[in-house]
Amino acid sequence: MFDSASYAAVSARLRDAFVLHDTAFCDSVLRFFDDTALARLHPDRVTDGFASQLIGHDAPQPATMKRFNELALYSGAPVMRNWYEYVVARSIQNAGTPRLAIAAFEPLLARFQEGRDTVGMASVRKRIGTLYLDLDEPALAAMHLAQARALEPRVDLRGSITATLGRCYAALGNADSVRWCALLLQQESTDPLTLQRGDDRAAINARWLLHLAGLLDPAEDSLPNALAQSGRVDAMVQAHDPEHGALVAGFPESRMETMVLRARACLRLDRPHQALAVLRPMSEQAALCPDCLPQQLAYLSAAADAHAALGDLRSALHFEQERADVLAMNKTGRERLAVEQASAKADREQQEVHAAQALEQERAMAGAMDKEHRMQRVALVMMIGFVALFGALMFARARLNRRIQLEQVRSRLSRDLHDDIGATLSSINILSSVAQRKAEVGDEAGAAASLIGISERTQRLMRNMSDIVWSVNPGRDSMEDLLTRMREFGAAILEPKDIDYRFESTGDLRATVPPLVKSNLYLIFKEAVNNAARHAEATEVTVCLKHEASSLRMVITDNGKGMQTATNGNGNPGGNGLRNMRARAVEMKAELRIGAVQPQGTTIELVVPL
């Protein structure tokens with residue numbers, strides 16, 4: 001059966017079957033691929049059969065996975081091993097653990113590239129991009145999805161990637177990029193294979209993206225036209241035949257994002273009543289997608305703004321409080337609060353038991369000594385008083401230490417909120433005023449530039465808020481979490497600038513890092529990476545982090561132009577960034593050494609005692 005001609009016919013049918021989740025066909029032909037000799041001679045054909053069957057099923061297939069692994073081990077073929085690992089990573093994604101799924105997908109990129117497997121590279125890039133979009137990181141998602149689109153040879157899957165890329169650009173507020181994606185989809189809708197199948201997904205997604213671009217258009221006179229198209233766009237999405245495959249515009253998260261953009265457009269036109277009417281079906285959509293946290297937060301924020309525009313401050317405050325509750329429960333979690341309360345209760349109960357035991361012992365001693373001399377009783381009473389006083393002092397000292405720790409956390413949060421968040425909000429306020437004045441005088445280009453600045457600062461504000469919440473989350477105090485966040489931040493800053501970035505680490509990943517060390521070490525790392533990306537003109541940046549039992553050592557080097565040796569007024573070289581780095585090092589009682597000699601680059605070494 002599996003000569004070249006027969007295999008080509010089955011492969012063409014199999015490709016459409018797994019895209020359309022035709023599990024009956026995938027299951028029916030799997031037995032022809034389940035052959036050890038075929039795995040040795042044609043591992044790519046066996047991979048087609050097993051990967052298509054596993055991807056076509058939404059539910060786990062443990063028996064098929066086990067057999068696929070056995071054949072991969074028997075054949076020793078990299079293509080089978082790579083696609084087996086891909087299916088494993090995909091099951092991790094389906095289990096709802098996006099960070100673990102990204103960590104599982106990323107090593108596959110190099111392996112698919114070594115094997116020149118373009119389909120594999122495109123599939124992995126698409127998965128990683130989708131995961132970052134679910135994590136509300138559209139900039140990183142867009143980077144991966146753009147590369148996936150360039151690599152994907154299949155027109156139908158390329159259209160789905162393009163539509164998802166348009167969602168990323170819409171989340172970033174980039175109307176021109178959304179229109180570019182719509183134009184690509186319009187071209188792909190005329191592909192002969194698309195026309196032959198009667199597949200209307202590219203055309204519908206293109207019309208939907210043009211609708212989103214109209215809602216994002218900075219010119220308010222275009223918003224009524226965009227809103228007027230809402231009914232027709234919704235009708236096209238609802239009329240789509242699911243037999244042609246999944247429609248990106250019809251995803252619950254896409255529907256929620258579209259409603260929020262429509263509500264925001266209504267608010268820009270000073271139509272708060274219409275905005276609330278647009279948002280009314282959101283609760284039904286949220287029920288279809290309980291994990292759509294970014295979309296739920298955007299909905300609650302838009303509802304609060306609409307009620308505030310109507311002067312209903314009570315309802316606005318209610319939605320703001322609900323948004324804060326949703327965000328807080330996501331970032332800190334119910335478990336953290338329960339653990340803290342249980343720990344505090346256990347400490348109190350233990351103290352009460354110890355106090356009761358001590359009192360019982362003292363009473364027994366007092367009863368035994370009651371028959372002795374009066375002076376002995378006086379001495380005993382004095383001893384009891386001393387023990388009680390000492391216990392009270394120790395208890396008071398413990399409470400004082402706890403208060404000092406809380407004050408340190410509050411002070412650090414207050415400083416970070418004032419320095420980062422306050423300054424960013426002030427600049428957003430200024431840019432908003434500038435944009436309003438430019439819009440009033442008809443300077444559309446100037447107003448657009450101001451709005452772009454507002455968007456950039458808003459994204460930076462969201463990242464800073466994420467860093468602050470992460471720094472006080474006790475569930476994120478492991479060395480592994482710290483290294484993961486540092487590695488992702490460095491990649492997000494340096495790789496878009498084509499800077500060669502290497503991150504090396506050694507030590508126990510399960511070790512717990514003190515919160516003060518975690519926060520200050522991460523902020524020093526951010527400052528150093530930002531300096532290398534923005535000012536040093538470097539082409540290479542290397543980060544080495546070594547965790548030992550008694551210390552934590554971080555070395556950051558770049559091959560940039562170094563820095564000026566001017567002082568900041570306190571006798572120390574550098575500006576505000578270096579002064580902040582030194583202050584944070586002092587707060588950790590760490591040793592910070594900065595070597596920056598033009599034009600030999602910069603070396604920053606930090607040694608933190610543990």
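What counts, and where the lines are drawn
- Residues numbered from 1 in each chain as written.
- Predicted model: local features only at pLDDT ≥ 70, side-chain atom pairs only at ≥ 80, totals over all residues.
- Heavy atoms only, no water.
- Helix = DSSP H or I, 4+ residues; strand = E, 2+ residues; numbered from the N terminus.
- Core = buried A, V, L, I, M, F, W, Y, C linked by side-chain atoms within 4.5 Å.
- Buried < 20%, exposed > 50% of the residue type's maximum accessible area, 1.4 Å probe, protein only.
- Contact = heavy atoms within 4.5 Å.
- Pairing = 2+ DSSP bridges.
- Axes fitted to C-alpha atoms, helices over the stretch in contact; angles between N-to-C directions.
- Phe/Tyr/Trp six-rings, centres within 6.5 Å; stacked < 30°, edge-to-face > 60°.
- Lys NZ or Arg CZ within 6 Å of the ring centre and 35° of its normal.
- Salt bridge = Lys/Arg side-chain N within 4 Å of Asp/Glu carboxyl O.

(A) Looking closely at the environment of Gln61. Checked against the element boundaries, Gln61 lands in the loop between α4 (43-56) and α5 (62-75). Sequence separation between Gln61 and Ser91 is 30 residues; the distance between their C-alpha atoms is 9.8 Å.

(B) Up close: the nonpolar core. Core analysis: the largest hydrophobic core is formed by 94 residues, its most contacted members being Tyr86 and Phe105. Each residue touching Tyr86, except ones within four places of it in the same chain, is listed here: Ile55, Phe105, Leu108, Phe112, Ser123, Val124 and Arg127. Of all hydrophobic cores here, the second largest spans 34 residues; its members include Leu494, Val513, Ala532 and Ala533.

(C) Highlighting the sheet that holds strand β4 (residues 591-596). The strand order across the open sheet built from five strands is β1-β2-β3-β5-β4, with neighbouring strands paired in mixed fashion. Whereas interior strands pair on both sides, the edge strands pair on one side only; in this sheet they are β1 (500-506) and β4. Taken over all neighbouring pairs, the strand axes of this sheet differ in orientation by 5° on average, direction set aside. As paired elements, β4 and strand β5 (residues 602-609) share six bridges and run antiparallel to each other. Bridge pairing links Leu592 to Leu606 in β5. Here helix α24 (residues 479-494) sits on the sheet in contact with β1, β2 (540-547) and β3 (551-558), set at roughly 170° to β1.

(D) Just the packing of aromatic side chains, in detail. For the structure on display, the rule yields 10 aromatic pairs. On the numbers, 5.9 Å between centres and 80° between planes, the contact of Phe68 with Tyr84 is edge-to-face. Taken as a pair, Phe68 in helix α5 and Tyr84 in helix α6 (residues 78-94) lie far apart in primary sequence, 16 residues in all. In this pair, the class of Phe68 matches that of Tyr84, namely buried. An aromatic cluster is built from Phe489, Tyr501, Phe503, Tyr522 and Phe525, whose rings are joined through pairwise contacts. In this arrangement the basic side chain of Arg40 is found over the ring face of Tyr74, its NZ or CZ atom lying 4.7 Å from the centre.

(E) Region of interest: unusual backbone geometry. With a phi close to 55°, Arg116 is a non-glycine residue in the positive phi region. Its place among the elements puts Arg116 in the loop between α7 (98-114) and α8 (118-134).

(F) Up close: the pattern of salt bridges. Scanning the model with the defined rule gives 21 salt bridges in all. Arg81 serves as the salt-bridge partner of Glu85, at 3.4 Å between the closest nitrogen and oxygen. Here Glu85 pairs with Arg81, and both are found in helix α6, just four residues apart, close to one helical turn. Two residues, Asp234 and Arg262, come together in a salt bridge whose shortest N-O distance is 2.9 Å. Of the two residues, Asp234 sits in helix α15 (residues 230-238) while Arg262 sits in helix α16 (residues 252-268), which places them 28 residues apart along the sequence. Look at Arg262 and you get buried, because its relative accessible area is 5%. The structure contains a network of salt bridges with shared partners spanning Arg553, Glu591, Arg593 and Glu605.

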